[in-house]
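Residue-level listing of the chains:
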Amino acid sequence: MPTYNESENLVSIVAAIYAALPETSLLIIDDGSPDGTGELADNLRAQYSTLDVLHRHGKLGLGTAYVEGFRYALTHDYDCVFEMDADFSHDPRYLPDLLAAIEDADLVIGSRYVPGGRTPDWGLSRRLISGFGNVFARTLLRLPVQDCTAGYKCYRRAVVEAFDLAAIQLEGYAFQIETVYQAYRKGFRIVEVPIVFPDRKIGTSKMSKAIVAEAFTYVVRRRLGGGAHGTRRAPVSHVGGPDERPRGAGA
Ligand SMILES: Nc1nc2c(ncn2[C@@H]2O[C@H](COP(=O)(O)OP(=O)(O)O)[C@@H](O)[C@H]2O)c(=O)[nH]1
Ligand SMILES: [Mg+2]
């Protein structure tokens, strides 16, 4: 769970995560939040034995925070890896649903765009931007996924092992689409479970127009046959049928 200035959400989100999945381990990746989120997280370690905190110096961005989280998971002995926001847009009450769904999947997406999924707080313009972005990405990249910009996900270890982490130098929505794209092209099974996605009640969003622009140019570059950032090809072209699945997937 990446955090930047989430001091007002942190204690309650951590409590809600452990209430939903008592046997989970939680890694908080904080980018030196000026509001003291990092120290607050350190203090919570006394209360939760499986809580760990990674401090980075300065705001290094969401994409690299996720990649560090993936690396952490791989160096430890975890079967599944979740990613989620700290602002309650990704309600921890869905964690058991995601975990149940991963039994028959390799990547589970907490989805706003399957029946039962909703974004109740969004006005028309936000719905249009997100809806258009998803149709655009899905169509150009031929992804059979309704919500490919979602950031509430559960990955099987084998999926994360198969990622070219060094190639995913992307932020926000582009990062989310690229992980779905790589998983799909490598033949992993992707399942979407519905979530209701409310807007954050406390704190402020760190999303920017630059992150939306990044996602747009990323999708176009990917479609035109370049790699994730147009400079190199990410190793997804060898993908074939289920026989080429990495060992362990779908076990
Ligand atoms: N470590 C880290 N976390 C970040 C950064 N930017 C955003 N976050 C966290 O990522 C999550 C999603 O960010 P948010 O601003 O809510 O994006 P939005 O939901 O698209 O508005 C939240 O938990 C943020 O605290 C960053 O640069 N570094
Ligand atoms: Mg948010």
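Residues numbered from 1 in each chain as written. Chains lettered and ligands numbered in written order. Predicted model: local features only at pLDDT ≥ 70, side-chain atom pairs only at ≥ 80, totals over all residues. Heavy atoms only, no water.

Let's shift gears to the environment of Gly 32. For Gly 32, the location among the structural elements is in the loop between strand S2 (26-30) and helix H2 (37-44). Residues Gly 32 and His 55, 23 residues apart in the sequence, show an inter-C-alpha distance of 6.4 Å. (Helix = DSSP H or I, 4+ residues; strand = E, 2+ residues; numbered from the N terminus.)

As a packed pair, helix H5 (residues 124-140) and helix H8 (residues 209-223) sit with axes 10 Å apart at the nearest point and diverge in direction by 15°. The orientation of H5 relative to H8 falls into the category roughly parallel. Relative to H8, H5 is oriented so that their crossing is left-handed. Contact residues: H5 offers Phe 136, Ala 137 and Leu 140, while H8 offers Phe 216, Val 219, Val 220 and Arg 223. Per-class residue counts for the contact of H5 with H8 are 6 nonpolar, no polar and 1 charged. (Axes fitted to C-alpha atoms, helices over the stretch in contact; angles between N-to-C directions. Parallel < 35°, antiparallel > 145°, perpendicular 65-115°, else oblique. Left-handed = near helix turned anticlockwise from the far one by under 90°. Contact = heavy atoms within 4.5 Å. Nonpolar A, V, L, I, M, F, W, Y, C, P; charged D, E, K, R; others polar.)

Inspection of the entire model under this criterion finds 9 aromatic pairs. Taking 5.7 Å as the distance between ring centres and 75° as the angle between the ring planes, the aromatic pair formed by Trp 122 and Phe 197 counts as edge-to-face. Remark: Phe 197 occurs in the loop between strand S7 (190-194) and H8 and Trp 122 occurs in the loop between strand S5 (107-111) and H5; sequence separation between them is 75 residues. Summarising the burial analysis for this pair, Trp 122 and Phe 197 share the class buried. Seen in terms of ring centroids, Phe 136 and Phe 216 are 4.9 Å apart; in terms of plane orientation they differ by 10°. Their pairing is stacked. Of the two residues, Phe 136 sits in helix H5 while Phe 216 sits in helix H8, which places them 80 residues apart along the sequence. Grouping aromatic residues by their ring pairs yields a cluster made of Tyr 66, Phe 70, Tyr 155, Phe 163 and Phe 175. In this structure, Lys 59 is placed above the aromatic ring of Tyr 4, and the distance from its NZ or CZ to the ring centre is 5.2 Å. (Phe/Tyr/Trp six-rings, centres within 6.5 Å; stacked < 30°, edge-to-face > 60°. Buried < 20%, exposed > 50% of the residue type's maximum accessible area, 1.4 Å probe, protein only. Lys NZ or Arg CZ within 6 Å of the ring centre and 35° of its normal.)

The strand order across the open sheet built from 3 strands is S1-S2-S3, with neighbouring strands paired in parallel fashion. Of all strands in the sheet, those with a lone pairing partner are strand S1 (2-3) and strand S3 (51-55), marking the two edges. Pairing geometry for S1 and S2, over 2 bridges, is parallel. Across the sheet, Pro 2 pairs through a bridge with Ile 29, a residue of S2. Together, S1, S2 and S3 form the strand contacts of H2, whose direction differs from that of S3 by roughly 155°. (Pairing = 2+ DSSP bridges.)

It is worth spelling out the sheet that holds strand S4 (residues 80-83) at this point. If you trace the 4 strands from one edge of the open sheet to the other, you get S4-S6-S5-S7, paired in mixed fashion. The outermost strands of the open sheet, each flanked by one partner alone, are S4 and S7. For this sheet, the mean inter-axis angle between neighbouring strands, taken without regard to orientation, is 20°. With 3 bridges connecting them, S5 and strand S6 (residues 153-156) associate as antiparallel partners.

Right, let's get into the environment of Asp 104. Along the chain, Asp 104 turns up in the loop between helix H4 (95-101) and S5. With a relative accessible area of 61%, Asp 104 lands in the exposed category. Sequence separation between Asp 104 and Arg 189 is 85 residues, and the spatial gap between their C-alpha atoms is 8.1 Å. If sequence neighbours within four positions are ignored, Asp 104 has contacts with Arg 189 and Val 191.

A contiguous patch of negative charge on the surface is contributed by Glu 8, Asp 35, Glu 39 and Asp 42. For Asp 42, the position within the fold is in helix H2. (Patch = residues over 30% accessible without salt bridge, like charges linked within 9 Å, V, L, I, M, F, W, Y side chains within 5 Å. Areas by Shrake-Rupley, 256 points an atom, 1.4 Å probe, with all protein chains shown as cover. Salt bridge = Lys/Arg side-chain N within 4 Å of Asp/Glu carboxyl O. Lys, Arg positive; Asp, Glu negative; His and termini not counted. Charge placed at Lys NZ, Arg CZ, Asp CG, Glu CD.)

Throughout the structure, instances matching the rule amount to 15 salt bridges. For Arg 56, the salt bridge is made with Asp 31, and the minimal N-O distance between the two is 2.7 Å. Placement of the pair is Arg 56 in the loop between S3 and helix H3 (62-75) and Asp 31 in the loop between S2 and H2, with a sequence separation of 25 residues. Overall, the relative accessible area of 6% leaves Arg 56 in the buried class. Classification of Asp 31 by relative accessible area gives buried; the value is 6%.

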